[in-house]
Amino acid sequence: MMITVAPSSHKVALIASLSLNLLILMYLTFDNSGYSSRGPSTATLEQYNSGAVQNFVFDCDISLERMRNGAGGGGVDSNVNNGGETKSGLMSTQQLMEAGQLAGQGLSYRQVSKGVLCYDKDKAFKQGVRGNFWVLYNYVPAAKDFRCNESITYTTHGDFTFFDNLEPLIERWQGPVSLSVYAPGTDYEKTIESILYYRECTGRTLVKDYVSFHIYFDLKYIPDNIVQYNVLKLKKADCKNFPGYGEDFKTYKKSNNLTYPINVARNVAREMAQTHFVFPSDIELYPSPQLIPTFLDMVRRDDMLGSPSKPHVFVNSIFEIQANATHLPENKVELVRMIEKGIVIPFHKQVCSSCHKIPYSRAWLKAEVKEGMHVIHVGKRVKPFQHWEPIYIGTNEEPWYDERLSWEGRSDKMSQGYKMCLLDYEFRILDNAFLVHRPGIKTKEQIKDMIGSKKVAAQNSLLRKTIYPEIKKLYSMRKGCEMFT
């Protein structure tokens, strides 16, 4: 459960929006004699739907007066059928969309693809309790806004020592990024210092334009001097002193041996995305260029492999590259060449090859490279890929990550992947989309040094004794789905 606290003006707007929307709903649906054929004017709807709380949308599938009086130009009377008989004033969202009555007419719904709608969201600041943490949502919002159907949000996480990944990531991504930043104790001050520097002092506007920062910390480790949101907007960056904190920097988290609440970060970043499609990934994974426009074009074409009735996500292949590589591959043709030369290898090949081994991976490498984006194969998370941890483009319809799990305990995405198997998800593998990890190939020795055996044992116990039994009750079983080896 999350308790949110907003400025008083936002509270008033929320109450007003709720009250007005309920009145509209009653007005549209009922009068003294039952169903009403009347509806508010377009101008009235636009006024009510342009308030501070645009996310408060009632999907009531209602017909509008403008359907008859000119907004569509054809004077369609939704209360008269082809035989001239009066019918109910209710219409489906699909009918409204096909009649061209949604976009720009006071309702915030937009078409993503045939039969799929989304609604625009703002980046309003809010803060509140989330389990054992306090979260400052949209604490430093990006300068650019995006409609829900015009891009994909890269949702990721980290602390201030990882901010040097932002510009190379955004340079290839060229779209919105929702970033959750863990900042307990004195890490908060360094986080703010680093955010301001990367927004204002690098000579480029990539971070300022595209990245929305959400800050969170344990209620046990609240920073001493939290800058109020309205004051932070006026705070100036110190461009003379580069905050060059690397991964080896002794953070407050490290000094106090705190565990990293990775799934809190993942969920916060996903929730705050403005777009219909989200790409939950790691801050050190850099996407292939032109992914956003080619992917959205593919979705609009609606000619993909897979069953239209099954839930699905879109998988990106993942690779690592040698630390001495001069550049990252710009496209699949160049990627394959670098694999053949041994410059690039499959992701975590030396750490956990089964975790990221993608179905049809050999066929993917050998497939003819075509223009644009396509689904080349459809995979499932069943044997021999039952422990696969794919990184994919999806939506906020996918199961959330379990916030009881930490990074240090490992297997932090296992329960989410298992749920997707139980729900019979299709993993649609994209032909020209890939991720490349920041230069430098990880080894088992490096990973072992970062993991505590006691934390791993405790988390395994939590997964087996608590989380797995919960999932069995909530989702039931499906043949071929496994959570443990």
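The structure displayed is predicted, hence computed values, not measured ones.

Rules and cut-offs
In every chain, residue numbers begin from 1 and rise along the written sequence. Only residues with pLDDT of at least 70 get local features here, since the model is predicted, and only at 80 or more are side-chain atom pairs given and counted; chain-wide, interface and lining totals rely on the full set of residues. Note: side-chain values were computed over all heavy atoms of the structure, leaving out hydrogens and water. Segments assigned H or I by DSSP are reported as helices when at least four residues long, segments assigned E as strands when at least two residues long, and all are numbered from the N terminus. Remark: exposure states derive from per-residue accessible area (1.4 Å probe, protein chains only) relative to the maximum for the residue type, with buried under 20%, exposed over 50%, and partly exposed in between. We call two residues contacting when some pair of their heavy atoms lies within 4.5 Å. All accessible-area figures derive from a Shrake-Rupley calculation using a 1.4 Å probe, and residue coverage is judged against the displayed protein chains alone. Here, two cysteine sulfur atoms that lie within 2.5 Å of each other are counted as a disulfide. As a per-residue measure, pLDDT tells how confident the predictor is, with possible values from 0 to 100. Pairing between two strands is assigned when DSSP locates at least 2 bridges connecting them. Ring pairs shown here join Phe, Tyr and Trp side chains whose ring centres sit within 6.5 Å, with only the six-membered ring taken for Trp; geometry is labelled stacked below 30 degrees between planes, edge-to-face above 60, and tilted in between. Counted as salt bridges are all cases of a side-chain nitrogen of Lys or Arg within 4 Å of a carboxyl oxygen of Asp or Glu. Every axis corresponds to a line fitted to the C-alpha atoms, with the helix fit spanning only the stretch in contact, and the corresponding angles, defined between N-to-C directions, vary from 0 to 180 degrees. Any angle from 65 to 115 degrees is called roughly perpendicular, while one under 35 is roughly parallel, one over 145 is roughly antiparallel, and all others are oblique. By convention, the crossing between two helices is left-handed when the near helix turns anticlockwise from the far helix through less than a right angle, and right-handed when the turn is clockwise. In this classification, the charged set is Asp, Glu, Lys and Arg, the nonpolar set is Ala, Val, Leu, Ile, Met, Phe, Trp, Tyr, Cys and Pro, and all remaining amino acids, among them Gly, are polar. Definition used in this section: a nonpolar core is a set of buried Ala, Val, Leu, Ile, Met, Phe, Trp, Tyr and Cys residues joined via side-chain atoms within 4.5 Å. The arc in question is the one traced by the directions running from the helix axis out to the C-beta atoms.

A. Structural detail: the overall build of the protein. Of the regular secondary structure elements, the protein holds 15 helices and 17 strands. For the protein, with 485 residues in total, the buried portion stands at 47%. When contacts within the protein are restricted to residue pairs at least 6 apart in sequence, those whose partners lie at least 24 apart make up 80%. Per element, the accessible surface of the protein, about 23800 Å² overall, is 51% carbon and sulfur.

B. Expanded view of the state of the cysteines. Evaluation of the coordinates by the stated rule reveals 3 disulfides. For C118, the disulfide goes to C148, at an S-S distance of 2.0 Å. Judged by the sign of its S-S torsion, about 75°, the bond between C118 and C148 is right-handed. Of the two residues, C118 sits in strand β5 (residues 116-119) while C148 sits in the loop between β7 (133-140) and β8 (152-158), which places them 30 residues apart along the sequence. Taking relative accessible area as the criterion, C148 reaches 1% and is therefore assigned buried. The disulfide that involves C421 links it to C481, with 2.0 Å between the sulfurs. Since a negative S-S torsion denotes a left-handed disulfide, the C421-C481 link at about -85° is left-handed.

C. Geometry of unusual backbone geometry. With an omega dihedral of 0°, the bond running from K383 to P384 counts as a cis peptide bond. Positive phi values are uncommon outside glycine, yet Q290 reaches one of about 65°. Positionally, Q290 belongs in the loop between β12 (285-287) and α10 (291-301). According to the relative accessible area criterion, Q290 is exposed, its value standing at 54%. Backbone geometry places R410, a non-glycine residue, at a positive phi of 65°. By the element assignment, R410 lies in the loop between β16 (391-393) and α13 (414-422).

D. Here's a closer look at the confidence of the model for the protein. In the predicted model, the protein carries a mean pLDDT of 81, and the fraction of residues at 70 or more is 74%. Across residues 24-89 the pLDDT falls below 50, and counting only partners more than four positions away or on other chains, this stretch makes 103 contacts in the model.

E. Expanded view of the pairing of strand β17 (residues 426-437). Of all the 12 residues making up β17, 12 are buried; the element is thus mostly covered by neighbouring parts of the structure. In this structure, strand β13 (residues 312-321) lies alongside β17, joined through 7 bridges in parallel fashion. Its bridge partner lying in β17, H312 is registered against E426. Relative to β17, strand β15 (residues 375-379) is paired through 4 bridges, and the arrangement is antiparallel.

F. Molecular detail of the packing of aromatic side chains. Here the structure, examined in full by the defined rule, presents 27 aromatic pairs. An angle of 40° between the planes, with centres 5.8 Å apart, marks the rings of Y418 and Y468 as tilted. Of this pair, Y418 sits in helix α13 while Y468 sits in helix α15 (residues 453-475), and the two are 50 residues apart along the sequence. Through a chain of ring-to-ring contacts, three or more aromatic side chains come together here, namely F163, Y197, Y198, F213 and F242.

G. Representation of the side chain of S113 in the model. As for its placement among the helices and strands, S113 is situated in strand β4 (residues 109-113). Sequence-distant contacts of S113, defined by excluding residues within four places in its chain, comprise V299 and R300.

H. Spatial organisation of the pattern of salt bridges. Applying the stated criterion to the full structure yields 19 salt bridges. The closest approach of N and O atoms between D297 and R301, which form a salt bridge, is 3.0 Å. On the criterion of helical spacing, the pair formed by D297 and R301 is a turn pair, its members being 4 residues apart in helix α10. Exposure remark for D297: the relative accessible area of 39% places this residue in the partly exposed category.

I. Fine view of the packing of α13 against α15. Two elements in contact, α13 and α15, have axes separated by 11 Å at closest approach and are oriented at 25°. By the criterion of interaxial angle, the relationship of α13 to α15 is roughly parallel. The way α13 lies across α15 gives a crossing that is right-handed. In this structure, α13 uses S415, Y418, K419 and L422 to contact α15, whose residues at the interface are L463, I467, Y468, I471 and Y475. Tallied by class, the residues present in the contact of α13 with α15 amount to 7 nonpolar, 1 polar and 1 charged.

J. Seen up close, the nonpolar core. Y139, I152, F213 and F295 are the most contacted members of the largest nonpolar core, which totals 78 residues. A per-element tally of this core places β17 first, with 7 residues. In contact with F295, not counting residues within four places along its chain, are I152, F277, F314, M373, I393 and L430. Of all hydrophobic cores here, the second largest spans 12 residues; its members include V135, Y216, L258 and V268.

K. Representation of the environment of K442. Structurally, K442 can be placed in the loop between β17 and α14 (444-449). Along the primary structure K442 and F347 are separated by 95 residues, whereas in three dimensions their C-alpha atoms are 8.8 Å apart.

L. Inspection of the environment of D248 at higher detail. Mapping D248 onto the fold places it in the loop between α7 (229-232) and α8 (252-255). Each C-alpha atom of the pair D248 and T161 lies 8.4 Å from the other, and the pair is 87 residues apart in sequence.

M. Examining the side chain of S151 more closely. Examined against the element boundaries, S151 turns out to sit in the loop between β7 and β8. Apart from residues lying up to four places away in sequence, S151 is in contact with F146, G175, P176, T275, I292 and L296.

N. Here's a closer look at α10. Within α10 the residues assigned to the buried category are L291, I292, F295, L296, M298 and V299. What you see down the axis of α10 is that its buried residues fit within an arc of 155°, all on one side. Just downstream of α10, D302 is the residue with a positive phi angle, here 60°.

O. Geometry of the pairing of strand β6 (residues 126-130). Note: β6 against β7, 5 bridges, orientation antiparallel. Looking at β7, one finds that R130 is bridged to F133. Hairpin geometry of β6 and β7 is characterised by an intervening segment of 2 residues between the two adjacent antiparallel strands and by a positive phi of about 65° at G131.

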